[in-house]
Structure formats: C-alpha cells, structure tokens
Amino acid sequence: MASLVRPRWREAASADRLLLAFKTAGAAALAWYLAPLVPFAQNEYSYYAPLGVLVSMYPTIARSAFSGLQTLIGLAVGIGLGLGAQALVGIGMPRIIAVAAVVGLGVLLAGLRSLGSGREWVAIAGLFVLLLGGADPDGYSSSYLITVAFGVLVGVVVNLVVIPPLHLRQAEDRLVALRAGLGDALREMADALAGHAFDPEPARAAATRLADALADVREEVELADESRRYNPRGRRSSLPRDAHQRRLEALAVAAEATRELTAAVAELTEADDVDERLPTDVRHSLATTIRAVAGMVSDRAGTDTAALRLDDADAALDDYVARVSRMGVENSEDRAVTLDRWDAGVILRRVIDACRPLAERAEDRPRG
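Here the residue numbering is sequential within each chain, running from 1 through the sequence in written order. pLDDT decides what is reported in this predicted model: residues at 70 or higher carry local features, side-chain atom pairs at 80 or more are listed and counted, and totals for whole chains, interfaces and linings draw on all residues regardless. Hydrogens and water molecules were not included; the side-chain quantities draw on all heavy atoms of the structure.

**What about the side chain of Ser 141?**
Link 1 in the chain: Positionally, Ser 141 belongs in helix H7 (residues 137-161).
Link 2 in the chain: Distance and chemistry together define a polar contact, namely a pair of N or O atoms within 3.5 Å, with one atom able to donate a hydrogen and the other to accept it when in protein, and with adjacent residues in sequence counting only for side-chain atoms on both sides. Looking at Ser 141, its side chain comes within polar contact range of the main-chain oxygen of Pro 137, at 2.7 Å.
Link 3 in the chain: It only takes one pair of heavy atoms within 4.5 Å for two residues to be counted as in contact. Setting aside its immediate chain neighbours within four residues, Ser 141 contacts Ile 79, Leu 83 and Val 129. Runs of E in the DSSP output that reach at least two residues are strands. Runs of H or I that reach at least four are helices, and both are numbered from the N terminus.

So this is what it looks like as structure tokens:
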C-alpha cells in the first residue's frame, strides 16, 4: 500500500525527466546559437532566446505551446507597462515612482487567470524595459520580445521533433497499482471481518493512503491525456482517448466507497450486540462479498477473467442481500439492524456498478 504514493525524489531522476532536461539543454544552446540570425532583433540580446526555451519546455507538447504563448502575451503586456513608464519618466516623473507603479500594476495584472503562465512575467518585463531599456527602450523591447518568441519556437519544435513525450504507459501503470491497492485494502477488510478481528484504525489508515494515491494517479492521468494532444505518437495508440479517464472515475468511486465501507463495518463490529446484529453466516457472507469485489476491482480492464470476477461479485452480493432481507423479515421490529446491514450492501453495489463498464469493455485491454 505504501508504494502507491510515488516518492517525489524519483520523479527528478526518472527517464522522462532526464529526457526533458536533455532536450531543454540542447534547445537552449541551439536557440542561443541561432539568435543572432533572428531579424528585427539586436544581437546583444541573444541571451533572451534560451529564456524562451525555458518558459516553453514542458513534459507535454500542448503545455509547451500554450505556456509559451501565454508567456509571450504576459511579456507584451509588461513591455507595454514599461514603455508607458519610460514615457512618463521622460516628461518628469521620478524614476523611483515609475518603478513602484510598474511593479504594482504588474502584480495586479498577474491576478488575471486568463494570462496563465504569463502572469508572473508582466511585472518582470515592465521592470526590465524601464531599467534596462536605456536610451533605446523601443529597440530593447522589440528585441526582448522577438528573441524570447524565437526561443519559445525552438523549444516547442524540439519538444515535438525529439521523441515527443507520451505518458500513456506511466498512467496505465499507476492505474494498475491503484487497482491493486484498492483490492488489497478490501481483502484485508474481508479477512479481518471473517476472523472476528476487524480493527477500524488500520482500515482507516489504508483508506487515507488510497486517497493520497488517487490524487497522485489523477495527476498522471491528466498528464497522459494532455500528452496525446498535438502528438503524432499519440495518434498511433490503439487505446481509446477516454479510457484512462473512465478507469480513474471508476476507481475514484471505488476508493471513496472503500472509505465509507470501512466506517460502516466499523459501526457494525463495534456495537455491543455485534453477534446479534451481525450473525456468523451474515458476517461470512459480507466478508465473501467484499473479497469478491476486491478481486473484481484488482483485475485489469478488459482482461479475460474480468467478466467472471464481475459475475462472482454480483452473486456474492445477491447472497448477502438475501440473508439481510431474511433477517429483516425475522426481526421486522428492529428496522435499524436491517438498514445498517443494507448500508454495506449499497456501498458494495456502488463499487460493482462503477467498475462494471471496465470489466465489460474488451477494447480497453492494454496493448504493447
């Protein structure tokens, strides 16, 4: 279970991160080397080209393009502020007041979410133009923007041409690990319940770890979906575009239901009249159902055994519900007992229904 949450230090040394670092370094060197050839820009500002690479190089092509464009818009807005401040300084405004005005307005404009990653560059660009523009702020401003734009272009092209990043396998692996973790948590609950040794604290801790793992997997799935956009490698994938997202949604329901099931079983087993509220045959039927659901959740989407595990889970739940119904008839005066036990059945039914489409869709079977 602990391995579900990936150590952050591993991300810095992953193969994808090393490739990104290599491409960024190469693109920055290439942009700096070619910058003197860029028209309408002064050669002495060639060092802004590697900056354009840095602001545009991301793990996905889509993010590289959008981030680069947003940065250029932010720079353009900031340059406009800087030129306006320069004009005011020229007619007598103290430079210290101009600096404060550019920074203050730049920070205010950075609150515009529509600027995206360009928000943080508004104040910086304005300050650069005001303080570094010198006697030729127009020439500096145009060179600054054009050279950074050239660097952005180099970064996006390099990211597209040199092994364009595709994160489908990583997302697949994380989803499989999450399924296994959910299955383990449910099996541990079933074993403890069958052995009359259910301790809610470890189960609650496991549910918390599952929630953390779910957030981690969600990031990976979003990155995988984003990596397919504008990526020629993504078009060759045989996996449906929404497959990872559908699996994630199903597992999110299963993870939340596992947390609720932990609370429901804890309430049942902590009651003073637990043997009366949860007789041995009902207890074992509930444990069997939880174990069957665990097997269904753990099975990979679209595999040959997935449909069989789904049938087993349906049959086990039907048996549990039938036993609870019989007890409700025999003890009709104690409706709370019946409703308590039905809660566990309702939760398990939600897990089965959420994962049912995954078990039935053979086209979601991982390939390659």
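**Observations concerning the nonpolar core**
If you look at soluble globular proteins, the nonpolar side chains tend to sit buried side by side.
Link 1 in the chain: Buried residues of nine kinds, namely Ala, Val, Leu, Ile, Met, Phe, Trp, Tyr and Cys, make up a nonpolar core once their side-chain atoms join them within 4.5 Å. Only protein chains enter the area calculation, which uses a 1.4 Å probe; residues under 20% of their type maximum are buried, those over 50% are exposed, and those in between are partly exposed. Counting 59 residues, the largest nonpolar core has Leu 261, Ile 290, Val 293, Met 296 and Val 297 as its most contacted members.
Link 2 in the chain: Sorting the residues of this core by element identifies helix H8 (168-194), helix H9 (200-227), helix H11 (243-269), helix H13 (280-298), helix H14 (306-330) and helix H15 (335-360) as the ones contributing at least two each.
Link 3 in the chain: A per-element tally of this core places H8 first, with 12 residues.

**Remarks on the packing of helix H4 (residues 61-90) against H7**
Link 1 in the chain: Here an angle of 0 to 180 degrees is reported between the N-to-C directions of two axes, which are lines fitted to C-alpha atoms, with helices fitted over the stretch in contact. In the contact formed by H4 and H7, the axes pass within 10 Å of each other and the chain directions differ by 175°. Our classification of the angle between H4 and H7 gives roughly antiparallel. Along its contact with H4, which presents Ile 61, Ser 64, Ala 65, Gly 68, Leu 72, Leu 75, Ala 76, Ile 79, Leu 83 and Gln 86, the element H7 presents Pro 137, Asp 138, Ser 141, Tyr 144, Leu 145, Val 148, Ala 149, Val 152, Val 156, Asn 159 and Leu 160.
Link 2 in the chain: Gly counts as polar in this scheme, as do all residues outside two lists: the nonpolar Ala, Val, Leu, Ile, Met, Phe, Trp, Tyr, Cys and Pro, and the charged Asp, Glu, Lys and Arg. Residues of the contact of H4 with H7, tallied by class, amount to 15 nonpolar, 5 polar and 1 charged. For classification purposes, angles smaller than 35 degrees are called roughly parallel, those larger than 145 roughly antiparallel, those between 65 and 115 roughly perpendicular, and all remaining angles oblique.

**Some details on the packing of aromatic side chains**
Link 1 in the chain: Planes of paired rings set the category: under 30 degrees apart is stacked, over 60 is edge-to-face and the rest tilted, where pairs are Phe, Tyr or Trp rings (Trp by its six-membered ring) whose centres lie within 6.5 Å. This structure, assessed with the given rule, holds 8 aromatic pairs.
Link 2 in the chain: Measuring from ring centre to ring centre gives 6.4 Å for Tyr 45 and Tyr 47, while their planes differ by 75°; the resulting arrangement is edge-to-face.
Link 3 in the chain: With a relative accessible area of 45%, Tyr 47 lands in the partly exposed category.
Link 4 in the chain: Centre to centre, the rings of Tyr 48 and Tyr 140 are 6.2 Å apart; their planes meet at 75°, and the pair counts as edge-to-face. Of this pair, Tyr 48 sits in helix H3 (residues 48-56) while Tyr 140 sits in helix H7, placing them 92 residues apart in sequence.
Link 5 in the chain: The exposure class assigned to Tyr 48 is buried, which follows from its relative accessible area of 4%.
Link 6 in the chain: An aromatic cluster of at least three residues, connected via ring pairs, comprises Tyr 45, Tyr 47, Tyr 48, Phe 128, Tyr 140 and Tyr 144.

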